[in-house]
2 protein chains.
Amino acid sequence: MSVYNNLKFNSDGLIPAIVQDNQDGRVLMMAWMNRASLEATITTGKTHFWSRSRQKFWMKGESSGHTQAVKDIAFDCDGDTLLIKVEQIGAACHEGYRSCFFRSITDDGAGARVTEPQLQTPEEIYGKK
Amino acid sequence: MSVYNNLKFNSDGLIPAIVQDNQDGRVLMMAWMNRASLEATITTGKTHFWSRSRQKFWMKGESSGHTQAVKDIAFDCDGDTLLIKVEQIGAACHEGYRSCFFRSITDDGAGARVTEPQLQTPEEIYGKK
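This one's a predicted model, so the numbers in the text were calculated from it and none came from an experiment.

**With respect to the packing of aromatic side chains**
Residues and elements named next belong to chain A. Evaluated as defined, the whole model comprises four aromatic pairs over all chains. With a centroid separation of 5.3 Å and an interplanar angle of 40°, the aromatic rings of F49 and W58 are classed as tilted. Its relative accessible area of 16% is what places W58 among the buried residues. R35 extends its terminal NZ or CZ atom over the ring of Y4, reaching a point 3.8 Å from the ring centre. The aromatic ring of W58 is capped on one face by R54, whose charged end is 5.6 Å from the ring centroid.

This is the structure:
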């Protein structure tokens, strides 16, 4: 009996994966996995995803060096979402913030405010394009 | 300028919302919102979602009493995922666990183990069906 029997991939063969810092619980990002990227994540202990915009298999940190070492992979009651606890190297967000969730909606629901410092600029992470 | 300009709803008009306990950072659940449920969440301060399986607008806790008081609504760099911090009353999971992510994949990747106690049975929450 494989754990994959507990999981439901959507009609595109994908499942959303929430990535959380194993130390302090900060939610870092959400990305999508297909079965191959989940298998690679389990086998290698580093997170791998499927990019819907680029239609490409990728390892988190392959360009930036900001890899994620997997500590736990949980799945929800419906089996259609993953929660992955990691040790994050550097910024998780490609915009240079520790978390992709660096903006919150203001109390009046009208605007947004930045809630954490930018650790690096994208140019510092990826080099000038 | 509305914050909705920062958000991307998918082709079904939905955006995934990660729900996290505001006190200890436990990720409780992931569910989907349409614009109306996000507006209701902002206006009322209680989480509202869109059920894809039931095709229905719902307030979390409307049957169980296990409501979620909203403390913060963040959105990610791509604007296509929400992270909502809440004060959770009772179990977030309809199976009676505090978190829907109560099972983790075993280290060999083959099976699953339960990682937290069941607080109530579904029958205790919803009554016998």
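**Thoughts on the sheet that holds strand 6 (residues 82-88) of chain B**
The strand order across the open sheet formed by six strands is 8(A)-7(A)-5(B)-6(B)-1(B)-2(B), and the pairing between neighbours is mixed. Only two strands of the sheet have a single partner each, and these edge strands are strand 8 (112-114) of chain A together with strand 2 (27-33) of chain B. For this sheet, the mean angle separating the axes of adjacent strands, direction not counted, is 30°. Bridge count for strand 7 (residues 103-105) of chain A against strand 8 of chain A is three bridges, and the pairing is antiparallel. Note that in strand 8 of chain A the partner of R103 of chain A across the bridge is V114 of chain A.

**Here's the deal with the pairing of strand 2 (residues 27-33) of chain A**
All names here are of chain A. Summarising burial for strand 2: seven of the seven residues are buried, a large majority. Relative to strand 2, strand 1 (residues 15-21) is paired through six bridges, and the arrangement is antiparallel. By the bridge assignment, I15 is partnered in strand 2 with M33. The loop that links strand 1 with its antiparallel partner strand 2 comprises five residues; one of these, G25, has a positive phi angle of about 80°.

**Looking at the interface of chain A and chain B**
With 40 residues of chain A at the interface, the matching set in chain B holds 40 residues. Interface area, chain A with chain B, both sides summed: about 3200 Å², of which 62% is carbon and sulfur. When the area that chain A buries against chain B is broken down by residue, the three leading residues are C77, F101 and I105 of chain A, summing to 20%. At the junction of chain A and chain B, the tally comes to four salt bridges. A salt bridge links R52 of chain A to D80 of chain B, with the shortest nitrogen-to-oxygen separation between them at 3.5 Å. Our enumeration of links across chain A and chain B arrives at 18 residue pairs in polar contact (both at pLDDT 80 or more). Among the secondary structure elements, those contributing two or more residues to the side of chain A that touches chain B are strand 1, strand 2, strand 5 (68-75), strand 6 (82-88), strand 7 and strand 8 of chain A. For the side of chain A that touches chain B, the element with the most residues is strand 5 of chain A, which contributes four residues. A per-class count over the side of chain A that touches chain B returns 21 nonpolar, nine polar and 10 charged.

How each quantity is defined
- Residues numbered from 1 in each chain as written.
- Chains lettered and ligands numbered in written order.
- Predicted model: local features only at pLDDT ≥ 70, side-chain atom pairs only at ≥ 80, totals over all residues.
- Heavy atoms only, no water.
- Phe/Tyr/Trp six-rings, centres within 6.5 Å; stacked < 30°, edge-to-face > 60°.
- Buried < 20%, exposed > 50% of the residue type's maximum accessible area, 1.4 Å probe, protein only.
- Lys NZ or Arg CZ within 6 Å of the ring centre and 35° of its normal.
- Pairing = 2+ DSSP bridges.
- Helix = DSSP H or I, 4+ residues; strand = E, 2+ residues; numbered from the N terminus.
- Axes fitted to C-alpha atoms, helices over the stretch in contact; angles between N-to-C directions.
- Contact = heavy atoms within 4.5 Å.
- Buried area = accessible area lost by both parts, 1.4 Å probe.
- Salt bridge = Lys/Arg side-chain N within 4 Å of Asp/Glu carboxyl O.
- Polar contact = N/O pair within 3.5 Å; in protein donor to acceptor, adjacent residues only side chain to side chain.
- Nonpolar A, V, L, I, M, F, W, Y, C, P; charged D, E, K, R; others polar.

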